[in-house]
Amino acid sequence: MREPAFWWQPGRGGLLSPLGGIYGAVAALRMRSQGRSVGVPVICLGNPTVGGAGKTPGALAVGHLLLAAHERLFFLSRGYGGRLSGPVRVDPAVHTAAAVGDEPLLLARLAPTIVARDRLAGAEAARRAGAGVIVMDDGFQNPALVKELAILLIDGRRGIGNGHMIPAGPLRAPLETQFSEANALVVIGQADGLSAVIARARRYNLAIFHGRLEPDRATVAALGGRKVLAFAGIGDPEKFFAALTDAGIAIGERAGFADHHRYTAAEAQALIARAEAANLVLLTTEKDLARISGERRLAALAARANALPVRLVIDEADSFRDMILRVLPRRVAKAPSSR
């Protein structure tokens, strides 16, 4: 299901704002509920709004920092779009996106990943499996778990839209409530229009970081300047298309779909036919390719499509790394034996 266009248009959505106020009040009350700790530090990345702003690249960036520090990292995800309620440990060689969702398949390439709709049960499963630290790529508004570090990510281009709450706008809860539960804010992309939002975040003592999604250079080079048919079923397909243009990739045609879109065989064949007719390379996101792969009816599209990996680069890299590592338990060196 696509988000209403008016959510991202300032001044729109006012007629639905009373309903948004009710939704926001319930969400705020829920977020203030007392969570439980499983004895393992939990780092959570979330969006204040509906729609993607880079949570999965953010979780992977945090994961790389933790692995570099030799931590026993586990990812925890709800597994949106998957049929398994979990807790289940993701095996990319066995599971498909239809079973566990697309994001967990990407996360599991880096570190052990647990999918669980019950976040507390999922965290306990990770702890029992040996996790020393848990990174969540969703669940910021879910109060079940105590979070040692909560990071909000905002797309600099779309911001918070019209500033209203669901169903009047894209906010998942009142912005002030979300800021009060967060420790840091990462603005991805140009932040020119977000000065007021950043100022509000500073009033809640949030650490402010700036980042960008950087396309994989080897993939861009491998295209050899050929034009592409770009397609994406993510929270904001236009962000993907803009990233391609910024990377110097020539887009011949584009096709945008709703977030976590489940492609049909007819859609797959139509994309292939369009690409062949115009001599275009099929290019999509890693999430989309993960969703397509393993589906027999989409095998032809999976074989022809290329994915463009992206990584989150934080401008204030040292400060961001220090913030992540501060939540870890201090390692106390054992005294040398006297024997």
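This structure is a prediction, so every number in the text was calculated from the model and none was measured.

Can you lay out the overall build of the protein chain for me, pointing to particular residues and giving the numbers?
Looking only at helices and strands, one finds 13 helices and 13 strands in the protein chain. Relative to a compact globule of 339 residues, whose C-alpha radius of gyration would be 20 Å, the protein chain shows 21 Å and is just as compact. Across its three principal axes, the protein chain shows a C-alpha extent of roughly 75 × 60 × 35 Å. The buried share of the protein chain, reckoned over its 339 residues, is 52%. Long-range contacts, defined here as pairs at least 24 residues apart, represent 75% of the contacts in the protein chain between residues at least 6 apart. Per element, the accessible surface of the protein chain, about 15900 Å² overall, is 53% carbon and sulfur. Charged side chains of the protein chain number 42 positive and 30 negative; the gap between the two group centres comes to 4 Å.

Explain the environment of Gly139 to me, and be specific about the residues and the numbers.
Its location among the elements puts Gly139 in the loop between β5 (133-136) and β6 (149-155). A C-alpha to C-alpha distance of 9.2 Å links Gly139 and Asn47, two positions 92 residues apart in sequence. If sequence neighbours within four positions are ignored, Gly139 has contacts with Cys44, Arg119 and Lys147.

Report on the environment of Ala242, specifying residues and quantitative values.
Topologically, Ala242 is positioned in helix α9 (residues 237-246). With 71 residues separating them along the chain, Ala242 and Val313 place their C-alpha atoms 17 Å apart.

Account for the sheet that holds strand β4 (residues 113-115), with residues named and values stated.
The strands that make up a sheet are held in pairs by hydrogen bonds between backbone atoms, and each pair lies either parallel or antiparallel. With mixed pairing, 9 strands are arranged side by side in an open sheet as β3-β4-β2-β5-β1-β6-β7-β8-β13. Each edge of the open sheet is held by one strand with a lone partner, namely β3 (88-89) and β13 (310-314). Note: β6 against strand β7 (residues 184-188), 5 bridges, orientation parallel. The residue bridging Leu152 from the neighbouring strand is Leu185, located in β7. Contacts from helix α5 (residues 119-128) reach β2 (73-77), β4 and β5, with the element oriented near 160 degrees to β2. Here helix α13 (residues 317-326) sits on the sheet and contacts β1 (42-46), β6, β7, β8 (207-215) and β13; the angle it forms with β6, its principal contact strand, is near 145 degrees.

Tell me about the sheet that holds strand β11 (residues 281-284), and name the residues and values.
Across the sheet, 4 strands lie side by side as β10-β9-β11-β12; this open sheet has parallel pairing. Of all strands in the sheet, those bounded by a partner on one side alone are β10 (251-256) and β12 (306-307). As paired strands, strand β9 (residues 228-232) and β10 are joined by 5 bridges and run parallel to one another. Paired with Phe231 across the strands is Ala255, a residue of β10. Its contacts with the sheet place helix α10 (residues 265-278) against β9, β10 and β11, and it is angled at close to 170 degrees to β10.

Explain the side chain of Asn47 to me, and be specific about the residues and the numbers.
Counting through the fold element by element, Asn47 comes out in the loop between β1 and α2 (55-68). A distance of 3.2 Å separates a polar side-chain atom of Asn47 from the backbone oxygen of Leu153. If sequence neighbours within four positions are ignored, Asn47 has contacts with Gly52, Ala53, Lys55, Gln141, Leu152, Leu153, Arg172 and Gln178.

Describe α2, and please don't skip the residues or the numbers.
A rise of 1.5 Å per residue sets the reference length of α2, with its 14 residues, at 20 Å; its end C-alpha atoms lie 20 Å apart and thus fit the reference within 8%. Among the 14 residues that make up α2, 10 are buried, leaving the element largely enclosed by the rest of the structure. All of the buried residues in α2 are Lys55, Thr56, Pro57, Gly58, Ala59, Leu60, Ala61, Val62, Gly63 and Leu66. His70 sits one or two residues past α2 and shows a positive phi near 65 degrees.

Could you give an account of the nonpolar core, with specific residues and numbers?
Among the nonpolar cores identified, the biggest contains 37 residues, and Leu76, Ile134 and Leu185 are the most heavily contacted of them. Setting aside chain neighbours within four positions, we find Leu185 in contact with Leu152, Ile154, Ala201, Leu206, Ala207, Ile208 and Phe209. Core analysis: the next-biggest nonpolar cluster, separate from the first, contains 28 residues, Leu66, Val135, Ala184 and Phe209 among them.

Cut-offs applied
Residues numbered from 1 in each chain as written. Predicted model: local features only at pLDDT ≥ 70, side-chain atom pairs only at ≥ 80, totals over all residues. Heavy atoms only, no water. Helix = DSSP H or I, 4+ residues; strand = E, 2+ residues; numbered from the N terminus. Rg over C-alpha atoms; globule rule 2.2 N^0.38 Å. Buried < 20%, exposed > 50% of the residue type's maximum accessible area, 1.4 Å probe, protein only. Contact = heavy atoms within 4.5 Å. Areas by Shrake-Rupley, 256 points an atom, 1.4 Å probe, with all protein chains shown as cover. Lys, Arg positive; Asp, Glu negative; His and termini not counted. Charge placed at Lys NZ, Arg CZ, Asp CG, Glu CD. Pairing = 2+ DSSP bridges. Axes fitted to C-alpha atoms, helices over the stretch in contact; angles between N-to-C directions. Polar contact = N/O pair within 3.5 Å; in protein donor to acceptor, adjacent residues only side chain to side chain. Expected span 1.5 Å × (residues − 1). Core = buried A, V, L, I, M, F, W, Y, C linked by side-chain atoms within 4.5 Å.

None of this, on its own, says anything about what the molecule does.
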